[in-house]
Amino acid sequence: MRRRRSLARALAATALLPAGTACAGGSPPPAPPAQAASATPTDRSTARELRVTLDGRPVGATLHDTPPARDFAKLLPLTLELEDFHDTERVAALPRRLDTSGAPEPVRAGPGDIAYYAPWGNLALFHREGPAPSADLLVLGRLDAGPGQLGRAARITIEAAPSPAPRSPS
């Protein structure tokens, strides 16, 4: 019985450790996590094509099929001025916050990811490996651009790609 109590106390103390270290960094306190939802593997495989230009140059891009990504698509077309953030991502404010309910499980953002940082309501284009997975950072899609091009980008235009014409039955 004593062993169980010691183990329970140790686990409780360990659970509090990340909260204490997150507040010690001097950054704004995190917002409450987005509502949890289950993501299926098909969320990313049913992608929507986008038309994107970075500094006037076309790049391929896709948007994942998730509720926050679909809400982002409602904002299109968009032209945004980008700024550097920690030499890891290019960021821009969105015209409004996205609805994050139904968001998939958090994943680590990587080079080429289009993400949404919920506490600040901004779009982030990663050109380097991002932070550890967090419910505050939602990956919305992917850009087919190299880290060098993404790291220097000053302006992005994002539009929904036209839907393919329906095929007539043969």
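Structure first, text after, so check above.
Now for a look at the structure at hand. (Residues numbered from 1 in each chain as written. Predicted model: local features only at pLDDT ≥ 70, side-chain atom pairs only at ≥ 80, totals over all residues. Heavy atoms only, no water.)

Attention shifts here to the side chain of Asn122. Within the element layout of this structure, Asn122 appears in strand E7 (residues 122-126). Among the residues examined, Asn122 registers a relative accessible area of 9% and is labelled buried. Among residues more than four places away in sequence, those in contact with Asn122 are Val91, Ala92, Ala93, Leu94, Ala115, Tyr116 and Tyr117. (Helix = DSSP H or I, 4+ residues; strand = E, 2+ residues; numbered from the N terminus. Buried < 20%, exposed > 50% of the residue type's maximum accessible area, 1.4 Å probe, protein only. Contact = heavy atoms within 4.5 Å.)

Right, let's talk about the sheet that holds strand E5 (residues 89-93) for a bit. Taken in spatial order, the 9 strands line up as E3-E9-E1-E2-E8-E6-E7-E5-E4 in an open sheet, and their pairing is antiparallel. Sheet topology places strand E3 (78-81) and strand E4 (83-85) at the edges, where each strand pairs with a single neighbour. The average angle at which neighbouring strand axes cross in this sheet is 30°, direction not considered. Judged from the 4 bridges that link them, E3 and strand E9 (residues 155-160) form a sheet pairing that is antiparallel. Across the sheet, the residue bridging to Thr79 is Thr157, located in E9. (Pairing = 2+ DSSP bridges. Axes fitted to C-alpha atoms, helices over the stretch in contact; angles between N-to-C directions.)

With that out of the way, let us pick up the nonpolar core. The biggest cluster of nonpolar side chains holds 31 residues, and the ones touching the most others in it are Leu54, Phe72, Leu94, Leu123, Leu125 and Leu140. Going through the elements one at a time, strand E1 (48-54), strand E2 (57-63), helix H3 (67-73), E3, strand E6 (113-117), E7, strand E8 (137-144) and E9 are the ones with two or more residues in this core. If near-sequence neighbours (up to four positions away) are discounted, Phe72 is found in contact with Leu63, Leu78, Leu94, Leu98, Leu123, Leu140 and Ile158. Listed in part, the 7 residues of the second largest apolar core include Val91, Ala115, Phe126 and Leu137. (Core = buried A, V, L, I, M, F, W, Y, C linked by side-chain atoms within 4.5 Å.)

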